[in-house]
Structures are given as C-alpha cells and as structure tokens.
Amino acid sequence: MTKTITRRRLMAGATATTALLAAPPLIRAQPQALKIAVLLPRSGYLAQAGQSCHRGAQIAGKVLSDHGYRVELVHIDIESSPDVSRTQAEKVINEGAHCIVGAFDSACTLAIAQVCEQRQVPLSINIAAAPPITEQGYKFLVRNFPTGGMLVSNGLRLIKDVLDATKLAAKTAVFLHANDTFGAAQRTAMDALFPRAGLPFQLAESIAYDPRAQDLSVEVTKIRALNPDLVLTVTRAADAIKLVRDMVRQRFEPKGIISPGSPGLYDEEFFQALGPLADYPIYNIPWANPKASMSQALEAAFKPAHPNFRFAVECFNVGFTFEALLVAADGFKRAGTTNGAALMQAIRATNIADHVMIGPPIKFDDKGQNVGIPSAAVQSRNRTPTVVLPAEVATTTPVLPMPGWQRRS
Amino acid sequence: MIGSLNPRARVLLLVLLAALIAAPLVADRYLISVLILIFYFAYVGQAWNLMMGFAGQLSLGHALYVGLGGYVSALLWLKFGVGPWLGVFAAVAVAAAFGAVIGWLGFRFGIEGVYFALLTIAFAEFTRIAFDHIDYAGAAGGLFLRVDESGEWWNLRGGTLLFYYLALALAAGALVLTAFLARTRLGYQWLAVREDEEAARALGINAFRAKMMAVLISSAMTAVGGVFTAFYNNNLFPSRVFDINRSIEIILAPVVGGLGTVFGPVVGAFILTPLGEALTALTGLFGINTPGVKGAFYGLALMVIIVLKPSGIWPWLARTLRLTEHRP
Amino acid sequence: MNPTIYLEVVVQGVLTGLVYGLMALGLSVIFGVVRVVNFAHGEFTVAAMYAAFLLFTLFGVDPLIATVPIAIVFFGVGYGLQLALVNRFVGRAEHEQFILLVGLAIIIVNGTLLIFGADARPVRLSYGFDSFLVGPVIVDKVRLYAAAAALTVAAALFLFFRFKPTGTAIRACADNLVGAAVVGLNVRKLYALTFGLGLACVGAAGALMETIADAKPELGPVYTLIAFIIVIVGGLGSMTGALVGGVLIGISEALAGFVLAPSMKSMLSFALLILVLVLRPQGIMGRRT
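Presented here is a report on the structure given in the accompanying data block. Predicted model only: the values in this text are computed from it and were never measured.

Quick look at the pattern of salt bridges
A complete count under the given rule lists 33 salt bridges over all chains for this structure. Here Arg224(A) ties to Glu8(C) by a salt bridge, and the two come within 2.3 Å at their closest N and O atoms. With Arg224(A) in helix 8 (residues 217-226) and Glu8(C) in helix 1 (residues 3-34), the pair connects residues from two separate chains. Exposure remark for Arg224(A): the relative accessible area of 16% places this residue in the buried category.

As structure tokens, this is what we get:
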C-alpha cells in the first residue's frame, strides 16, 4: 500500500499528537534507556574469566544501540565474593538499575538472584552452570546458558559426530575433571549420560583432580598408565596448560583431547604457553556463530576496543555476556517500561532469532532456562579456535587423530 | 582489659541498639545488607574472640565450625524436613564435637601458638576436601535450598528483615553472653590461664578444663553462625564455606577491634565491613575501575591499623571517649 | 600396573618436592630464627615467579639463571622489610604478626593482579617440553634442572650457616637469644640479615617454581600452606628438615594422588600435618627445644 498523505491521515496524526501532548506526565515520561548493572568478578580468583566477560560488556553498549536498543550500562566488580555480590546488587538497584546481568560464578549469581527476587528486578544470567539455579524457584531470573547436563549431553553427541567425521577408531577414553562446582556438575552428568550415549568407546576411568593443585604430572601419569585413545577433559583455564605440557613431557600422545564443555583449552594463556602444541584439541561448547550478522557486528566492535585480545578466543565469554544484555534490552523494548514485574514478564517471553551464539532463537522455559542452546565442535587450528561441526556453521572440517607432539613446528 | 562501661557509655550503647532496631524503617536495603554482614562478623568474631582473646588459643580454622553448622542444619532441613530451630542443636553438637577433638589434641599434647593455629588450619582444610567428596552433601557441586517457600519464618524462610533481626539478635546476644562470661568464675579462670598458665595451675585452676570450655563454647557459637549463613545464602559450597580465607575474615574484626575485650569484635566489624564498602565507593568515585585497587588499599588499611593500634581500636576508643571505668 | 610407573611417580614427587623444599627453607630460616610467622610466604613466592616471568619476557633470561638476581633483590627486600616493619613485631603475639603479614599478602595479591592481569603467565622455555629417558623412567628436564638448582641454593645456604661467622652468629641467635646479646652480637642486624636470607630463598624458589607452574595472583595461599606443612613435618629450624620435608610431602602427595583419587591428595598432607603436630611436633629432623 503506498503511503499518501490523505486528509484522513492528517487528521488522525494531528489528533494523536494532540492527545500525546495533552497526556498526563506518567505516559510521556517513559524511561529513555534501560539501566543495566553488569556484575562480574574482575578481581579475586575468578578474575581471568570475569575480565574476559567484562570485555564483552564494554562493547555491548555500542552494538546494542546500533541495533536500536537503548541501554545504559554500569559495571561493578564483585571480587569473586558472594557477600560483595549481595551488597553491590542492593546498592546498584538503589542507584536506579532496572536490570542486572551477571555473574559467572554460581555462588555469586545466587546471592544476586536473591536480591533480585526480593526487589523484583530481573536478573539475566550470562554464565553460571550449576543446574540448581533454575530449580530453586526463582521467578526473577533467566539463564541463557546451558546447564552442566545440557553441556555434557550435547558434548557427547558431538563426540560421536566428530568420530564419524574423522573416521577415528577409538576404543577407550579417560575422563579428567576438576573437582570444583563446575567440574563436579559435569561429572554427575557424565556418570548419568555416558552409558546411554551410544558411543563406540569405553570409558576406562573418571579421574577428579584437585583444582588447587599446581601440578598435574601425577594425573597425567595415571592417564598414561591407562593408555586411552581419547582424553576427555573438564578443566579450568590454567590447568589445561599443565595438562598438555605434562603430556608432552611424558611422551603421551592420545589420539584426541576432547572437552565435553569447559574452558581451558582455548584460553589465550593456553595458546601463549604452548604454541603449536596447543592445536588440535576439540571442545564441544556453545560458540559464536561465525555466520550470524549480530556475531559479526560484535566482532567488528571488539577488534578496535580490545586490540590486545582476540575475539576468536574470547567469543564464548563475550558472546554470552552480550546475549544476556541483549535479552534484557529486548525485553525492555517489548515491555516499554522499566517496571520490574512487567519487564520480567516480557523477558520470559523472549524470542530472539538474530543473536550471537549458534543455535535456535533465544527462548526460556517456565523455570527461566533456555533449554535449546546447542554446542558446536570447535577445534584449535593455528592457535585459533575454529568451528568444525555442525557443518552448517563450520568453517573447516575436524582433524583427528592429533598429529604427534614432536612433529609440530 | 575488661573495662566496664560507665553510665554514659551504657546509655550510648542502648541508643545504638535502639537505632539498629529501628534502622529498617529508614535505612535503604543496601545499608541493611551491609548491616547484616556487620552483625554476622561481629557475631562470629565474638565467638572466635572467646577462644583467642580469653583463652589464648589462636584458631585459624574457625570456618570449619561455620561449615559444619551450615551443612548439618541444611542437610537436616533438605533430607528430613527438620527446621533450623531444631537443626541448630545438631549443628552445635557436631561442631562442638570437632572442637572437642581439636581442643583435646591441642591441650593434651601441648600444641601451642603457631602450631595450634596450624592444627586448626589442617582440620579445616581436611574437612573442606572431605566435603568436596561427600555426595550425600552435594560434594563439590554444592547444596541448595529452595527460595520459594516464603512466610515460614520459623524455618528461616523469609525476607531480608527476618535475617536482619536474627543477625542483630545473634550479635547482641553474643555480646551479652561474653560480658556475662567475663564476670563468671570461668571468665576469670580464662584470664588467668591466658596471662600465665603455669601460675594459674599453681593456683589450682584446672587449665585444661578452662581451655576446653572456651573451645566448646566458641565452636558451638560459631556453628550457629553457620546455620545463619546456610539459610541466609540458601547455598553451600565446600570450597567457599570451609575456605581458609573465610577463617581469616572471621579473625580480622576481633583483632582490629580489640582482642580479649567484650566490645572489640563489634567495633572491629563496624569498622572493617564499612571500610571495604567505602573503599569500593571511593575507587568508583575517582573513576578507578581497575580491579585490584580496592583490595590493595584494604590490605594497606589492615597493615596501618595493626601497626598503629596493635591492641585494637576499641581500647583506644574507650580511653579517648572516656567510656569505661578503668580498673588499675 | 607396570611397576616403573610407580617409580616415575616417586621421582616426580621428589623433584617437585625439592623445589617446594627450597621455598619452605626460607620459611624455616625466618621462623626458626626470627620467630615471625610469615603468612605472606606464598605471596612472596608468587611475586618471585612474576619477577622471573618478567626477566624472561623482557630480556630472555632463563629462570634458572634469574634465580641469582631475583634472590639478591629479595634479600634486599627482606632485609629492609625486617628493619622497617617486621622488627617491631618480633616477640609480639602471633595474631598481630599474622594480621600484618595477611595485610601484606593482600597487597601483593592485588598488586600482581593490577600489574600483570588475571591470566596465567608461563615462560616458554626451549627445553620446556623435553624429557630424559633414564632407563624405563621418563624424567622432565625442567623439573630435574629446577630440583638441581634448588639443591644448589640450599647447599650454599647450609655452607653459609655452617662455616661463615655471620652464619654461626645467626644460629646462635636462634639457639640462645639472650646469650647472643650478652656476647655482643647485634641481634637486630642479624635478624634483618636472616629475614633477607629467608626471602632470598623464597625468591630463588619462586624463580624455579615459574618453570614448573605458571604465575597467577591467587596462588599465594596454596604455597603458604604447603610451606608450613613442609616446615612442620620436616622440622622447624632444621634446613635439611625443610628439604627432607619437601621431598616427603612431594612423594606422599604424588603417590596418594596416583593410588587414590588425585582430588584427595592434599587430605593426606593435612592428615600428616596433624599427626606430626600431635605426635612429634619438632618434626622429623627438628630438635626438641
């Protein structure tokens, strides 16, 4: 229908304008932007990951406004402490935050969740894997992040796909995981899901290591004694370095190192420490969709803002943090108000097709969990994480078995 | 150093108490949450103070009792539906049992000073790693309480106000208990043992019994703090609740406030917790958003305080403001 | 299971334990003589790790060689710290020393976070991934060199205390403080010297540790605890005790981790600590005072 200015239209327009001008201040004074407080552990023992997420939050404002969202961001350091998380959440809500995004760590996230629940302020979780978060009965949070169980079940399925794609014959595997909140959740999921996953190899043993240990040589020796074809790992950032380093020193070359979903194998410090030895592990985790326009926009904003960091390495933390903010901003756009209850209702009804991470549109179930987040198989090639499966979003094909340590330059 | 408050100071104390009781009417939620932290640290600091300040035993593993108290009460609630008002007795019993073992090992075998401190650390760390592996208690994955059971204040399922008054009651109660104990025969025995154990023994005081009482009361009281923590935070992780940093947090307030004094832990808590918040606010104000700055200043503040006022701030405060009648 | 694997695990434990032992040596020297509880011990070690990282990244200096300049600098730091700050806390209650050093530890942790950021900082040595094949046993080059260097530093310190007059003087202070003062020893200066030597050990140990682990701000408390465990088990005030304790803890943790669950291996060390405190508080090689 062509737009012509008819008299009817003019009259309608004039009436509407007059009505608007004469409207009571309440309607006219709609908040201009959504004030979102981003609470992250930028100091304390979680600083490495928290700062990575923060880099995503720093560029989110611009990318969101480019896409027509109006947000005002406030960044708070929660010092990896649940006590600080709680008081800072209260403070930031006092200072006018309409919504909170955070907090990477499950204990800190839960402290914030309680504040949000009591003050009826929506919490959009960027990263926190403890399954119970969406089982405890919170009404004012949403989690656009997979639970440990989801990660493992998607991860195991992808392992099968990887083995099929590379035609690798694997007979045994050993599962190594950190004995912390995250690793323990993965272990529980593995114990439950592996027997039913229909994978062609046996799980010879599951080994838990002490996350505070500074030395993984004994763990590697233990693995080596079992001589598995595959090593499945759930590690934290710095531990992956020690793991691979000791494998090289002990001359143990598994056919593949695969993570069913954890950090470590693709952190920048891992690449820095190991150089060419850092290539070829595969990690099955949600990842930024290289073919999505929002993802490309995010990457374009990341480069100039953080020249010393690589988007390809950080896109997991950056992507999820951005998406949490996107969820909040989108909810605000649809709700048209910063009123907590209404905003939360709008956020619960989220359905965002155009987002950053691989997968279907962002939607939440009635517990606030996004159950549809798939994982992708990502492999380090040339010190750069590269999506290898599923084929629709892959930029290359997976390579297994891993080339031997000594044969790398 | 147990000066008794003169009438003027007593009035001030009552005014403070009244203000704190009325605070929720005027204070915003941020302030309330900070006050809850202050009361909590004043409470567990007071509990620790009994063992160290009065009986002279340096415990650097007090988080053990917090954790045990929390886990026992949380498990009773989750697995058996036993509410915390009953569960607290079990929590106290378990913590006191551990305290008894540690105390007995320490005193029977003459482990003192730094060695005793290391003994307490060893028990706390051992228990932490143990809980990381106890599947019944959630292991490293953690233990979680539901948050949508509201209104049952007798099961500590409620909002911030409930916990505010509970924490205030605990802190005030600990203060009263300490003041009371200080005047009892046991309290004087503690003083004697702390000053000179051999002389105390020569006077016929059963030093072993006095010290054990201190350990038992201290660990029992701390366990109650653990119950509070579990139901206030609604989650427990071994690596957090038994962590040595939590043990260190517990002792900061009493030492800074004044070891062995009745008001020390309270004063210390009222100084340190707001100090942390103030530093955060200040660094934000100056636009210093770099992580680590606040922490560095906090550490510096601790060093400055202990260098300038090694006996704690309360004794100096009491003298300067003339709040006590001094015993020569 | 192949028995040579057990031998390897033991060897790994010994080598790593020697480096931990050097770190504990510094603590033993300080506590044994000056009687100050250095709860910032681990943080100083981490600071030394960063120093080694810096020298390697900026000037390409191998940490094994960097131990010398770092030890010298840390000696100076220790000497100055003792004179300026710690001295007035000597003889004071443990909790006061504790708070002072905890405050210092917090400053170091946050300072390193500020300066170096949160990422782990490894050094990429050219031989960092190599290993020797000694019979059927695989031995890491890096761990072997680090352990050898640790032994060398410890030996140097031992010779100093045994044969140089200052060293004997320091031992005198440890044995009999009043007597030492009576015969005219400048106790304050000797204390400063001792603290300096202790921190020099820590500096050297930290530089060596950087080849094995990667510097991160929050490693401090872990190393502090390990140092205390080793010192108590090995015997306070005994230098060989610190090394023996280190090796013992290294082996027992390695074997415990290998035979039982690795996530439980520290439980053994803490249980050992409790046993030693209760049954033989002077440690394996300490003398009963």
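Topic: the interface of chain C and chain B
On the chain B side, the residues contacting the 36 residues of chain C number 39 residues. With both sides pooled, the region where chain C packs onto chain B buries about 3,500 Å², and carbon together with sulfur makes up 86% of that total. The tally of links between chain C and chain B comes to 0 salt bridges. Counting every contact that joins chain C to chain B gives 1 residue pair in polar contact (both at pLDDT 80 or more). Among the elements that make up the side of chain C that touches chain B, the one with the highest residue count is helix 4 (residues 94-116) of chain C (14 residues). Along the lines of polarity and charge, the residues of the side of chain C that touches chain B split into 27 nonpolar, 5 polar and 4 charged.

A closer look at the environment of Leu325(A)
Residues and elements named next belong to chain A. Following the sequence through the fold, Leu-325 ends up in helix 12 (residues 311-335). Separated by 264 residues in sequence, Leu-325 and Gly-61 place their C-alpha atoms 8.8 Å apart. Contact partners of Leu-325, with chain neighbours within four places excluded, come to Ile-36, Val-38, Ala-57, Ala-60, Leu-64, Leu-73 and Val-101.

What about the sheet that holds strand 2 (residues 71-77) of chain A?
Residues and elements named next belong to chain A. Reading across from one edge, 2-1-3-4-5 is the order of the 5 strands in this open sheet, with parallel pairing throughout. Two strands in the sheet have a free side with no partner beyond their single neighbour: strand 2 and strand 5 (141-143). When strand polarity is set aside, the average angle formed by the axes of neighbouring strands in this sheet is 20°. Pairing geometry for strand 1 (residues 34-40) and strand 2, over 7 bridges, is parallel. Looking at the pairing, Leu-40 lines up with Asp-77 of strand 2. Contacts from helix 4 (residues 82-94) reach strand 1, strand 2 and strand 3 (99-102), with the element oriented near 150° to strand 2.

So, the side chain of Arg86(A)
Looking at where Arg86(A) falls in the secondary structure, it is placed in helix 4. For the buried Arg86(A), which has no salt bridge, the nearest side chain bearing the opposite charge is Glu90(A), at an N-O separation of 5.8 Å. Here Asn233(B) takes part through its side chain, which lies 3.4 Å from a polar atom of the side chain of Arg86(A). The contact partners of Arg86(A), leaving out residues within four places of it in the chain, are Ala111(A), Gln114(A), Val115(A), Tyr232(B) and Asn233(B).

Some points on the sheet that holds strand 9 (residues 256-259) of chain A
Residue and element names in this part refer to chain A. With respect to topology, 7 strands assemble into an open sheet ordered 7-6-8-9-10-11-12, the strand pairing being mixed. Bordering the open sheet on either side are strand 7 (202-209) and strand 12 (384-389), each of which pairs with just one other strand. Each strand axis lies, on average, 25° off the axis of its neighbour in the sheet, ignoring direction. Here strand 8 (residues 230-234) pairs with strand 9 via 3 bridges, running parallel. Looking across to strand 9, one finds that Val-231 is bridged to Ile-257.

Quick word on helix 6 (residues 165-175) of chain C
All names here are of chain C. For helix 6, every residue scored as buried is listed here: Gly-167, Ala-169, Ile-170 and Cys-173. Around the axis of helix 6, the buried residues are gathered within 160° of arc, so they sit on the same side. Across from the buried face of helix 6, at angles greater than 90 degrees, the exposed residues are Pro-165 and Asp-175. Looking at the buried positions of helix 6, the neighbouring elements they touch are helix 1, helix 5 (141-163), helix 7 (177-182) and helix 8 (187-212).

What to know about the packing of helix 11 (residues 293-305) of chain A against helix 12 of chain A
All names here are of chain A. Where helix 11 contacts helix 12, the two axes come as close as 11 Å, and the packing angle between them is 115°. As judged from the angle between their axes, helix 11 and helix 12 are roughly perpendicular. Between helix 11 and helix 12 the crossing geometry is right-handed. Residues Met-294, Ser-295, Leu-298, Glu-299 and Phe-302 of helix 11 form the contact with helix 12, whose own contacting residues are Phe-311, Glu-314, Val-318, Gly-319, Phe-322 and Leu-326. Grouping the amino acids of the contact of helix 11 with helix 12 by side-chain chemistry returns 7 nonpolar, 2 polar and 2 charged.

Here we look at the nonpolar core
Core analysis: the largest hydrophobic core is formed by 221 residues, its most contacted members being Leu119(B), Tyr164(B), Trp190(B), Phe228(B), Leu22(C), Phe44(C) and Tyr223(C). For this core, the leading source of residues is helix 2 (residues 29-54) of chain B, giving 19 residues. Sequence-distant contacts of Leu22(C), defined by excluding residues within four places in its chain, comprise Ala150(C), Val153(C), Ala154(C), Cys201(C), Ala204(C), Ala205(C), Leu208(C) and Leu243(C). Val234(A), Ala273(A), Ala278(A) and Ala377(A) belong to the second largest nonpolar core, which has 109 residues in total.

Quick look at the interface of chain A and chain C
In this assembly, 40 residues from chain A lie in contact with 41 residues from chain C. Where chain A abuts chain C, roughly 3,300 Å² becomes buried across the two surfaces, and 53% of that area is made up of carbon and sulfur atoms. Of all residues in chain A, Gln214(A), Val218(A) and Arg249(A) give up the largest surface area on contact with chain C, accounting jointly for 22% of the area buried on that side. The tally of links from chain A across to chain C stands at 6 salt bridges. Close ionic contact of Arg143(C) with Asp246(A) constitutes a salt bridge, the shortest N to O distance being 3.4 Å. Our count for the contact surface shared by chain A and chain C stands at 17 residue pairs in polar contact (both at pLDDT 80 or more). For the side of chain A that touches chain C, the per-class residue count stands at 16 nonpolar, 11 polar and 13 charged.

Quick notes on the environment of Val153(C)
Residues and elements named next belong to chain C. If you trace the backbone, Val-153 turns up in helix 5. Residue Val-153 is classed as partly exposed on the basis of its relative accessible area, which comes to 26%. On a C-alpha basis, the gap between Val-153 and Ile-251 in space is 21 Å, while along the polypeptide they are 98 residues apart. Filtering out sequence-adjacent residues up to four positions away, Val-153 remains in contact with Leu-22 and Ala-204.

Criteria and cut-off values
- Residues numbered from 1 in each chain as written.
- Chains lettered and ligands numbered in written order.
- Predicted model: local features only at pLDDT ≥ 70, side-chain atom pairs only at ≥ 80, totals over all residues.
- Heavy atoms only, no water.
- Salt bridge = Lys/Arg side-chain N within 4 Å of Asp/Glu carboxyl O.
- Helix = DSSP H or I, 4+ residues; strand = E, 2+ residues; numbered from the N terminus.
- Buried < 20%, exposed > 50% of the residue type's maximum accessible area, 1.4 Å probe, protein only.
- Contact = heavy atoms within 4.5 Å.
- Buried area = accessible area lost by both parts, 1.4 Å probe.
- Polar contact = N/O pair within 3.5 Å; in protein donor to acceptor, adjacent residues only side chain to side chain.
- Nonpolar A, V, L, I, M, F, W, Y, C, P; charged D, E, K, R; others polar.
- Pairing = 2+ DSSP bridges.
- Axes fitted to C-alpha atoms, helices over the stretch in contact; angles between N-to-C directions.
- Lys, Arg positive; Asp, Glu negative; His and termini not counted.
- Arc of directions from axis to C-beta.
- Parallel < 35°, antiparallel > 145°, perpendicular 65-115°, else oblique.
- Left-handed = near helix turned anticlockwise from the far one by under 90°.
- Core = buried A, V, L, I, M, F, W, Y, C linked by side-chain atoms within 4.5 Å.

Purely geometric stuff here, so don't read any function into it on its own.
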